[in-house]
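# Structural features, examined
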Amino acid sequence: MKSVNHSSNSIPFLDLITPHLELEQELTEVFQKALRSAGFIGGPMVEEFEKAFAGFCGTAHSIAVSSGTDALRFALMAAGVRPGDVAITVPHTFIATTEAISQAGGLPEFVDIDERTYNLSPEKLQAYLERQCSRDKSGKLISRRSGRPVTAVVPVHLYGQMADMDPILELAGQYGLIVIEDACQAHGAEYFSRQHKRWMKAGSVGRAAAFSFYPGKNLGACGEAGAVTTNDAALAAKIRMVRDHGQAKKYYHDMEGYNGRLDAIQAGLLNAKLPHLAKWNTQRRERAAEYNRLLAASEAVVLPFEPAWSKAVYHLYVVRSADREGLMDHLKQAGIGTGIHYPIPLHLQKAYRDLGYQSGAFPVAEEVADEIVSLPMFPTLTSHQQSVVVDAVLQYVGNRSELSVSAAPASATMSRQGH
């Protein structure tokens, strides 16, 4: 089925209509099942999705919750991040990452990102641990910046590509840190672990991982939804209680918890979509490869970097341009949707002014934030639409004469992708 023609002269940034029309009958049956059974909270549809998603991620457990933010918050709490603890993450991510840390009682502290992958830099993490932390008399790792114990690290698998997890896990082991993956944009992304000598799915590498099923994600609900994945049975059991008012069973509360349950209809919708996710991810990878081919000869646009140890699923296709605003305005006038993910690093947001970070604290994240632009990316994006997008990009950056969009040398693409 072809993509929905939103307008004869426009190319949307994201198409959420086509996949829902293609699956309309299956999705409608989910509503009918819920109406006929009155199974709205918990029950078989939630349990079936949890089992299926755990299988997809290669984990023993999946716990469905009400959002990706709750997934990360509950994972941090259940894993042992205590009020006042520092959790390390990156400034280049959506604020939900740090909101979850704060709402779990923790304090976010930042390390800079890798300039090529835009994910947590293991080298910067090592420098932080060696130079900005010390041990107290009891042996606890303490942040010199805040004077608080450092207990966790939250690598973010941004834009659909996993962070370099082996060195992160090695450092976490050396310093006694809990590793919780923020996999909210990385459904189905894979990482080749040199340590384990095999490919591993996002969500299966750390102590636990958080996923968001916001509608625009690679696997999206028709509303808010999230999940935690883990191989730790005790951790899974604790999260199940935390999401449901701390109940071990109905009206028996082992702790104070939250109302963080995923409703059955959303679980059923996700379960109907899940069998299609691998195909959708393959289509996204094909679209990314086509963008890479068409843009390979332009020196004015920096393409995504996918290391040999990564199989990204391109939740977003993000390039860099020295004149980002001008390029976006040019594409808008051509009827092409774009986005910025994200324009202001978290350490410079008003919400975190009290943390005391200044401009220049994380130069890579700050430079990247000034230059990134997300081009249209969705599974049903057509080759023709991509040619139109690339044509407009090259026209603006002045390289139109240097590249025929019908034939770019494969070697140029490969060399710029780092394979």
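Our subject is the structure listed above.
Below is a summary of the structure that appears in this document. (Residues numbered from 1 in each chain as written. Predicted model: local features only at pLDDT ≥ 70, side-chain atom pairs only at ≥ 80, totals over all residues. Heavy atoms only, no water.)

Here we come to the pairing of strand 16 (residues 317-321). Along strand 16, 5 of the 5 residues are buried, which leaves the element largely enclosed by surrounding structure. Side chains of strand 16 alternate between two faces, with Tyr 317, Val 319 and Ser 321 and Val 318 and Arg 320 buried alike. Note: strand 16 against strand 17 (residues 372-375), 4 bridges, orientation antiparallel. Note that in strand 17 the partner of Val 318 across the bridge is Ser 374. (Buried < 20%, exposed > 50% of the residue type's maximum accessible area, 1.4 Å probe, protein only. Helix = DSSP H or I, 4+ residues; strand = E, 2+ residues; numbered from the N terminus. Pairing = 2+ DSSP bridges.)

With respect to the element layout, Asp 164 can be found in the loop between strand 6 (150-153) and helix 7 (165-175). Judged by its relative accessible area of 14%, Asp 164 falls in the buried class. Linking Asp 164 and Lys 249, residues 85 residues apart in sequence, is a C-alpha distance of 40 Å. Once you skip the residues sitting within four places of it in the chain, Asp 164 turns out to touch Pro 122, Tyr 191, Arg 194 and Trp 309. At 2.6 Å, the side chain of Asp 164 and the side chain of Tyr 191 are in polar contact. (Contact = heavy atoms within 4.5 Å. Polar contact = N/O pair within 3.5 Å; in protein donor to acceptor, adjacent residues only side chain to side chain.)

The next subject is the packing of aromatic side chains. Under the counting rule described, the total for this entry stands at 15 aromatic pairs. Taken together, a centroid distance of 5.3 Å and an interplanar angle of 65° make the contact between Tyr 191 and Trp 309 edge-to-face. A residue pair is termed long-range when its members are at least 10 positions apart, and Tyr 191 in strand 8 (residues 190-193) and Trp 309 in the loop between strand 14 (301-302) and strand 15 (310-311) qualify at 118 residues. In terms of burial, Tyr 191 and Trp 309 fall into one category: buried. Site record: aromatic cluster; members linked through ring pairs are Phe 49, Phe 53, Phe 56, Phe 211 and Phe 213. (Phe/Tyr/Trp six-rings, centres within 6.5 Å; stacked < 30°, edge-to-face > 60°.)

A sheet is described by the order of its strands in space; here 3 strands give the open sequence 9-8-15, paired in antiparallel fashion. Both edges of this open sheet fall to strand 9 (198-201) and strand 15, since each of them pairs with a single strand only. Bridge analysis of strand 8 against strand 9 gives 4 bridges, and the strand direction is antiparallel. Paired with Glu 190 across the bridge in strand 9 is Lys 201.

Within the fold, Ala 248 resides in strand 12 (residues 247-249). When the C-alpha positions of Ala 248 and Lys 238 are compared, they lie 9.0 Å apart, and in sequence the two are 10 residues distant.

Here we take up the nonpolar core. Ranked by internal contacts, the top residues of the largest apolar core, which has 77 residues, are Phe 53, Ile 88, Leu 129 and Phe 213. By residue number, the principal contributor to this core is helix 9 (residues 264-295), which donates 9 residues. Not counting chain neighbours up to four residues away, the residues in contact with Phe 213 comprise Phe 49, Phe 53, His 187, Leu 219, Gly 220, Ala 221, Gly 223, Ala 225, Gly 226, Ala 227 and Leu 270. Core analysis: the second largest hydrophobic core is formed by 26 residues, Ala 210, Val 228, Ala 236 and Ile 239 among them. (Core = buried A, V, L, I, M, F, W, Y, C linked by side-chain atoms within 4.5 Å.)

Take the pairing of strand 7 (residues 178-182) next. Along a regular strand, successive side chains alternate from one face of the sheet to the other. The buried count for strand 7 comes to 5 of 5 residues, which makes it a mostly enclosed element. Residues Ile 178, Ile 180 and Asp 182 line one face of strand 7 and the alternating positions Val 179 and Glu 181 line the opposite face, and both faces are buried. In this structure, strand 6 lies alongside strand 7, joined through 2 bridges in parallel fashion. Note on strand 7: the bridge partner recorded for Val 153 is Val 179.

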